[in-house]
Structure formats: structure tokens, C-alpha cells
Amino acid sequence: MRDRDHRNRHERTLVGLDPERVRAWLRQARYVAEEFYFGRYRSTIARARRDEEDLFMLLVFSEMMGVPNPATYYTLEVQPLLLERFHEWHLRMGMERSPLDHFRCC
Amino acid sequence: MSAIIVLLAGLGAMALGYFVYSKFIAEKIFQLDPDYRTPAHEMEDGVDYVPTNRFILWGHHFTSVAGAAPIVGPAIAVIWGWAPAFLWVILGTIFFAGVHDAGAIWASVRNKARSIGAVTGDVVGARARSLFMIVIFLVLLMVNAVFAVVIASLLVNNPSAVIPAWGAIVVALIIGQMIYRWRINLLTVSIIGVVALYALIGIGPNVPVELPASVAGLPPNSQWIILLFLYAGIASLLPVWILLQPRDYINGLQLFIGLGLVYAAVLLSNPTIVAPAYNADVPAGTPSLIPLLFVTIACGAISGFHGLVSSGTTSKQINRETDVRFVGYFGAIGEGCLALAAILATTAGLATLGEWREMYSAFGEGGVGAFVQGGATIVSNGTGLSEAIAVTLLTVMTVLFAGTTMDTGVRLQRYIMQEWGNIYNIPMLKSVPVSTVVAVGACVALAFGAGGTDGTGGMLLWPLFGTTNQLLAGLTLLVMTVIIVRLGRPMWFTLIPLAFLLTMTTFALLVQLRTFYEAGDWFLLTLDVIILVAAVLVLLECVGTLRKHFREARTAA
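Residues numbered from 1 in each chain as written. Chains lettered and ligands numbered in written order. Predicted model: local features only at pLDDT ≥ 70, side-chain atom pairs only at ≥ 80, totals over all residues. Heavy atoms only, no water.

Regarding the overall build of chain B
Applied cut-off: We count a stretch as a helix when DSSP gives it H or I for four or more residues in a row; a strand needs E for two or more, and each element gets its number in order from the N terminus. Based on C-alpha atoms, the radius of gyration is set beside the globule rule, defined as 2.2 Å times the residue count to the power 0.38. In this scheme, a residue with accessible area under 20% of its type's maximum is buried, one over 50% is exposed, and one in between is partly exposed, where area comes from a 1.4 Å probe on protein chains only. Only heavy atoms matter for contacts: two residues are in contact if any of them lie within 4.5 Å across the pair. Exposure was quantified through the Shrake-Rupley algorithm and a 1.4 Å probe, taking into account, for residues, occlusion by the shown protein chains and nothing else. When charges are counted, neither His nor the chain ends are considered; positive counts come from Lys and Arg and negative counts from Asp and Glu. Charge positions are represented by NZ for Lys, CZ for Arg, CG for Asp and CD for Glu.
Secondary structure assignment for chain B yields 22 helices and 0 strands. Rg of the C-alpha trace for chain B: 23 Å, near the compact-globule value of 24 Å for 557 residues, within the 12% margin. The principal-axis extents of the C-alpha atoms in chain B amount to approximately 70 × 60 × 50 Å. The proportion of buried residues among the 557 residues of chain B is 60%. Across chain B, contacts joining residues at least 24 apart in sequence account for 84% of those joining residues at least 6 apart. Approximately 20400 Å² of chain B is accessible, and the part contributed by carbon and sulfur atoms is 67%. When the 26 positive and 27 negative side-chain charges of chain B are each reduced to one mean point, those points stand 12 Å apart.

Description of the overall build of chain A
The secondary structure content of chain A amounts to 5 helices and 0 strands. Listing each helix as α and each strand as β along chain A from the N terminus yields α-α-α-α-α. In chain A, which comprises 106 residues, the share counted as buried stands at 23%. Relative to all contacts within chain A whose residues are 6 or more apart in sequence, the contacts with residues 24 or more apart total 38%.

So, the pattern of salt bridges
Residues and elements named next belong to chain A. Rule in force here: Just to be clear on terms, a salt bridge is a Lys or Arg side-chain nitrogen sitting within 4 Å of an Asp or Glu carboxyl oxygen.
This structure, assessed with the given rule, holds 13 salt bridges over all chains. Across the pair Arg85 and Glu53 runs a salt bridge, and its minimum N-O distance is 3.4 Å. Of this pair, Arg85 sits in helix 5 (residues 79–92) while Glu53 is found in helix 3 (residues 42–60), placing the two residues 32 residues apart along the sequence. Using a relative accessible area of 40% as the deciding quantity, one classes Arg85 as partly exposed. With relative accessibility at 34%, the residue Glu53 sits in the partly exposed group.

Observations regarding helix 14 (residues 323–348) of chain B
What counts, and what does not: The span expected for a helix works out to 1.5 Å for each residue beyond the first.
Its 26 residues give helix 14 of chain B an end-to-end C-alpha distance of 36 Å, which sits within 8% of 38 Å, the value for a rise of 1.5 Å per residue. When you tally the buried positions in helix 14 of chain B, you get 25 out of 26 residues, the bulk of the element.

Quick word on the nonpolar core
Basically, it comes down to this: What makes a nonpolar core is a set of buried Ala, Val, Leu, Ile, Met, Phe, Trp, Tyr and Cys residues whose side-chain atoms join them at distances within 4.5 Å.
Among the nonpolar cores identified, the biggest contains 200 residues, and Phe30, Val72, Met142, Phe147, Leu461, Trp462 and Leu464 of chain B are the most heavily contacted of them. Element by element, the count of residues in this core is highest for helix 7 (residues 126–157) of chain B, at 22 residues. The contacts of Leu464 of chain B, once residues within four sequence positions are left out, are Met142, Leu509, Gln512, Phe516, Leu524, Leu527, Asp528 and Ile531 of chain B. Ranked by size, the runner-up nonpolar core spans 7 residues in total, among them Met57, Phe61, Phe86 and Leu100 of chain A.

Structural notes on a nonpolar patch on the surface
Residue and element names in this part refer to chain A. Rule in force here: To count toward a patch, a residue needs a relative accessible area above 30% and no salt bridge. Like charges then connect within 9 Å, nonpolar side chains (Val, Leu, Ile, Met, Phe, Trp, Tyr) within 5 Å.
Together, Leu55, Leu58, Leu59, Met65 and Val67 make up a nonpolar patch on the protein surface, roughly 440 Å² of accessible area in all. Its place among the elements puts Leu55 in helix 3. Given a relative accessible area of 53%, Leu55 falls into the exposed group.

A look at the interface of chain A and chain B
For clarity, the cut-off: Summed over both partners, the accessible area lost on bringing two parts together, with a 1.4 Å probe, is the buried area. Any pair of N or O atoms that falls within 3.5 Å is considered a polar contact. Within protein, one atom must be able to donate a hydrogen and the other to accept it, and sequence-neighbouring residues count only if both atoms are side-chain atoms. Residue type decides the class: Asp, Glu, Lys and Arg count as charged, Ala, Val, Leu, Ile, Met, Phe, Trp, Tyr, Cys and Pro as nonpolar, and the leftover types, Gly among them, as polar.
Taken together, the 20 residues of chain A in the interface contact 27 residues of chain B. Interface of chain A and chain B: buried area, both sides summed, is about 2100 Å²; carbon and sulfur atoms make up 68% of it. Its largest share of buried area at the contact with chain B, chain A owes to Phe36, Tyr37 and Arg40 of chain A, together 39% of the area lost on that side. On the surface where chain A and chain B come into contact, there are 2 salt bridges. A salt bridge links Arg40 of chain A to Asp248 of chain B, with the nearest nitrogen and oxygen atoms 2.9 Å apart. Inspection of the chain A/chain B interface yields 7 residue pairs in polar contact (both at pLDDT 80 or more). If you list the elements that add at least two residues to the side of chain A that touches chain B, you get helix 2 (19–38) and helix 3 of chain A. Looking at the side of chain A that touches chain B, the element that brings in the most residues is helix 2 of chain A, giving 11 residues. A per-class count over the side of chain A that touches chain B returns 11 nonpolar, 3 polar and 6 charged.

Regarding the confidence of the model for chain A
Close reading of the predicted structure is inappropriate where its pLDDT is low. Put simply, the test is: Each residue gets a pLDDT score, which is the predictor's confidence in that residue and runs from 0 to 100.
Mean pLDDT over chain A works out to 78, with 82% of the residues at or above the 70 mark. Confidence, expressed as mean pLDDT per element, reaches its minimum in chain A at helix 1 (residues 2–15) of chain A with 52 and its maximum at helix 2 of chain A with 88.

Let's talk about helix 5 of chain A
Residue and element names in this part refer to chain A. With 14 residues, helix 5 ought to run about 20 Å at 1.5 Å a step, and its terminal C-alpha atoms sit 18 Å apart, in line with that. Burial in helix 5 covers these residues: Gln79, Leu82, Phe86, Trp89 and His90. For helix 5, the secondary structure elements touched by its buried residues are helix 3 and helix 4 (72–75). Within two residues after helix 5, Gly94 carries a phi angle of roughly 85°, on the positive side.

Let's talk about the side chain of Gln413 of chain B
Inspection of the secondary structure assignment puts Gln413 of chain B in helix 17 (residues 387–423). Residues in contact with Gln413 of chain B, not counting those within four places in the same chain, are Phe137, Leu140, Leu141, Asn144, Ala439 and Cys443 of chain B.

Some thoughts on the packing of aromatic side chains
Here is the rule we go by: Planes of paired rings set the category: under 30 degrees apart is stacked, over 60 is edge-to-face and the rest tilted, where pairs are Phe, Tyr or Trp rings (Trp by its six-membered ring) whose centres lie within 6.5 Å.
Throughout the structure, instances matching the rule amount to 37 aromatic pairs over all chains. Between Tyr73 of chain A and Tyr74 of chain A, the aromatic rings sit 5.3 Å apart at their centres with planes inclined by 85°, giving edge-to-face as the arrangement. For the pair formed by Tyr73 of chain A and Tyr74 of chain A, the shared burial category is exposed. On the basis of an interplanar angle of 80° and a centroid distance of 5.5 Å, the ring pair of Phe96 of chain B and Phe500 of chain B is categorised as edge-to-face. Of this pair, Phe96 of chain B sits in helix 5 (residues 82–109) while Phe500 of chain B sits in helix 21 (residues 492–519), placing them 404 residues apart in sequence. Residue class for Phe500 of chain B comes out partly exposed when judged on its relative accessible area of 26%. One aromatic cluster is present, built from ring pairs that chain together Tyr18, Phe19, Phe55, Trp58, Phe62, Phe256, Phe326, Tyr329 and Phe330 of chain B.

As for unusual backbone geometry
All names here are of chain B. Following Ile290, the chain continues to Pro291 via a peptide bond in cis, the omega torsion being 10°. Unlike most non-glycine residues, Arg183 shows phi in positive territory, near 50°. By the element assignment, Arg183 lies in the loop between helix 8 (162–180) and helix 9 (186–203). We classify Arg183 as exposed; its relative accessible area is 68%.

Some words on the environment of Cys542 of chain B
All names here are of chain B. The residue Cys542 is located in helix 22 (residues 522–556) in this model. Looking at Cys542, the relative accessible area reads 4%, which means it is buried. Between the C-alpha atom of Cys542 and that of Ser315, which follows or precedes it by 227 residues, the distance is 24 Å. Setting aside residues no more than four positions away along its own chain, Cys542 makes contact with Leu478, Leu498 and Leu502.

Right under this line is the structure:
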């Protein structure tokens, strides 16, 4: 089996194109192109995304902070999912402890 | 003189600079340590601080620092003959720019990868830091104004480039959507983007676009300037992924393709340099070579702008400290190569000396126009492309470089405005629309005030831009010198460039002050005085700081 594979590959190499090599080369080219495209803006985009998520966080918890939000009934569902991010969020917003009485954090 | 000989001499000298001089600087002065834990590792967060392969990092660094400036400067400066421009570009790259760029990365890496402005605050003092901010603001103001004038005159003189130059923006917008919304493979997108751009360049000569001779009393140049700033203002407000990121990417590809094309064409066609080595017969009104040469060519010989890129972003991604030499010094060499290409295009691309003299009929004439014309002749002789397409190609390349610099420049200026709004508590200035309008307004006022409206006098601003850029480089060199003095290492390798730069910039400002006074150009005179004040402050800061450190060093000894 292995022998046949080897022979197959050998035959294809004779034509000049080893598919493995071409694939590896393409992978490398893709990596370089992606680094070149995304590398420079990685931080700008991560920051923009974080800002958007912070806003989302504020919407989800708005009712608890006294801001009326008609969608609270629905956002209540996502609260447990956001629990993990809650700590970082309130720190970023400049609050050392959880701002919500019934929503303890640290 | 054969262009190939000049080309090879230039490349050879820069290679020697990299293998010998940069090795000496890296090992003896900066003493780069492969085992030092760089901020990219120390503070790795996958966002800002990411250890990056040095070749990729060099690609980012080089494409961020290279723009239209290393083309415009040399294209103006060859009016004194090709040899002075050539020598300043080559020696400047080897002894000034390389050390400056690598040094800025090194200083930042050793200071938690903070920006050179912040490092200045720590090492020199708070006053120097404020000065830094003002000089950066002036540089941005001038770079935006001057590039708008450059693009406007290119578009007026080459109507064939209008469709591809603006079409490139549409291509960039589509690329951004393809990548983020439709999630198409980046390699496929790159090929589509490059093919689309070159297809537009191919169509360009068939559909030239000219603006009406007068709209509301404004000539075409002014109309373009206003349109450009309208665009830059809107572009600076868009999220980066929509326009700026894909535009930068296409520009990066374009930079390598364009540079490769010009060098290959020179090697294939071996044009003769028709311009004199030293032009003893300069047109009337041309200022003297010393000191003006050294501020006319800033980018390509030494540019303070690089320090901002080096310290803000590149330093956060340095994998091993020894990579500083390759990324910083070789980045400067890349820029030197671009300047060398501009010198060859403007001096060897024209058929006869008479034609060359006609092109360079006054100081500030020729310039990018000569680069496009000469470069197109060389490219079309070397590669067999039609002259019309070659002209469009080079115009589009220059317009794209200058345009992207404007996009980024207006954005940065808005940030500075907002920061000033915060510091001095001006609520108005903190808002994004207001700060953008103020930033764009200042640039438009400068472009119009400097005489760019009818496409004649706009380039008077160029040497002032170079001067401010050199002042910025001076401040960075001062920071490096102070760090080196504190470490007890020889300081001459940064102190001599620093002294040279400050002398030449101050001298140039005084010479220009007289020119503007005699011409009765009060607008530029005021600007010159403002920059002169900044220069004197930088000078005093340098003398004061270095004296303090010498005294400390002496008492310690």
C-alpha cells in the first residue's frame, strides 16, 4: 500500500508537480498573505469589536441599572452566557466591583 | 552615464551599509541581545503584542513607511543634478535613516514598546513630549496639504489616470466586503483585486476624464483638492476594515510590483542619464543646494515619520531583539531603493538634456510629473508596454501612495485634535465630526494658502514639510543619544546625524524665510516662523538635555 503511494507520488513528481509540495507552498503563501492583510490592523479591529461588545453588554444589563429596555425579557436569556465576560467588562468600565446589587461578581 | 552603473553602485553601497555598518551599530552601539525578552513575548496578548516573523514584520514596516514622499522629494531635488541627490539618498540611508529607524525600534523595545513620544517624556522630559506632539501635528498638516496638491496636479495632467485612481477605491471596498462578509479565500481575492486594478489601468487611456475648466470660479486643480479632502474626510470616518485595510493591502502589492517593474525595466533597457551630474546652470530662483537639498529629500534619506511607525506598532511585534537590525535598517534600505528609482526615472527617462531642462524649468517644477513621464518611458522601453499605459500605471501608483497617506494622515490628525480637546477641555473638539471638519479645514486652508489652487505654487510647501519631518527625526535621535549616553556607550553615531540635521534644517528655514519675505508670501512666512520656533525649541531641548547628561556623567566619573 505504502509502496504504491510512494510510486504514485514518484510518478507525479516526474511530471514536475508534487501535489504535497504544491499544497504546502499554497499554505505558506496563504499564511503570508493573511499575515500581510490582517497583521497591521489586528489591534484596531479587535478594539472596535470589543467596543461593540461592551455596548451589547450595556444593553443586556441596562434594566438592572435603571435604564428601561423593552427587550429585557429576551436579553435575560443571554445573561448567563455573558457571565464570564462580566468581570472584565465592569473593570473596563471603570467599576472595581459589580455595579449590580443582585448580580454579584467579584 | 549608464543608469545601470548608478543603479548597481547605489544598491552595492546600501548592501555594504547593511552588512558592515548596521552590523557594527547593532553589535557595538545598540548591543542587541537575542536572549532579551521582547515586549511581544513579555506582554503577548494576541492583539497588539504579537511576536511576528521578521520577514512579515519587515513587509508591514516597509509598506507603512514607504509612500509618495520618497518619490516626490528626489524628483524635485534632481534639479541640482543627479549626483547630489544620489549621494544624499545613499549616504543618508546608510548613516542616518537606517540608524534612526532601527534605533527608534530598539529604544521602544527597551521601553515596553511605548511610542517614541511617550519614551521622550520619560527620557527627556514633559516639555519635549509636548514639542513632539506639536511637530507631529505640523508634519501631518503639511503632508496632507502637499499630497492633495500633488494628486490634483497628477490628475489634471494625466486624465487617463482618473478612472483607475478612483476605481481603486471601489476595488478596495469590494475586496473588504469579499473578505469579511463573503469570507472568500484571501489568495483568490488578491488575484481578483490585482487583475481588476490593472484592468482599470488598461481601460484608463481610452476614457480620460477632465473636470470642467471652472466651477464656481475654481480651476480644476482646486476642484480636485476639494474633492480629495471630501473623500479623505469621509474615508477617515469609516471603520478601517471597510476601506483603509484593503486599500493598504492593494498598495502594498502595488509597491512591490511597481518597484520591481521600474528596476527590471532599467536593467533591460539600460537608459542613459541625460541630466548633468552637477547642474551648474540651475534655473533662476533656485535656492542654493546647501542647505535646501537636505530638506527637499527627507523620506528616502532620513524621515522622522518612520520613528512613529517604528515605535507605535513595529516594536510591539519584534520577536527577537536581533530582528531590529533587519526590520529597521532594511526597511530604511527599501525606502532608499524607492528614492533611487525616482532619481533614475527623473534623470534617465527623458530623451535629451534639452528636454530635461525644459521639464526642470524652475524650482518645484518637474517633480512627480517628471517621475511619471521619465518612469513611463523607461518602463515602456524595457517591457514593451505602450507609453500611454505606462504613464497611467505610474500615475496611479503615485496617486495611490499619496492617497493612502492622506487617509491615514487625516485620521491621525483627528485623533490629535480629540486628544487636545481632552487635554484643554474643549468639549466641541472631542466630537468626531467637529474634529474631522477642523482637521480637514486646516489642510484645505494650507493647500489653498500655499498656492496650490492653480497648480503652480503648491510645491513651495514641500521643503517646509521636509524640514518639519527632519525636526521629528532630530527629536528621535536626541532620545536615542540620551539613552546611549546613559548606557556609557559611544554617542557619535547618533549625535553627528542629529547635529547635522538640526544645522541644516535651521539653516534651510532661515534661507526660506528670506525667500518668502522677498516674495511677499506672508502665509508661508508665518508658517516658516512657526516651524522655526519649533526648531529652536528642539535645539534648546537637545543642548540642555545633553549638557545635563554630560555633567552627570562627568561627576559620576
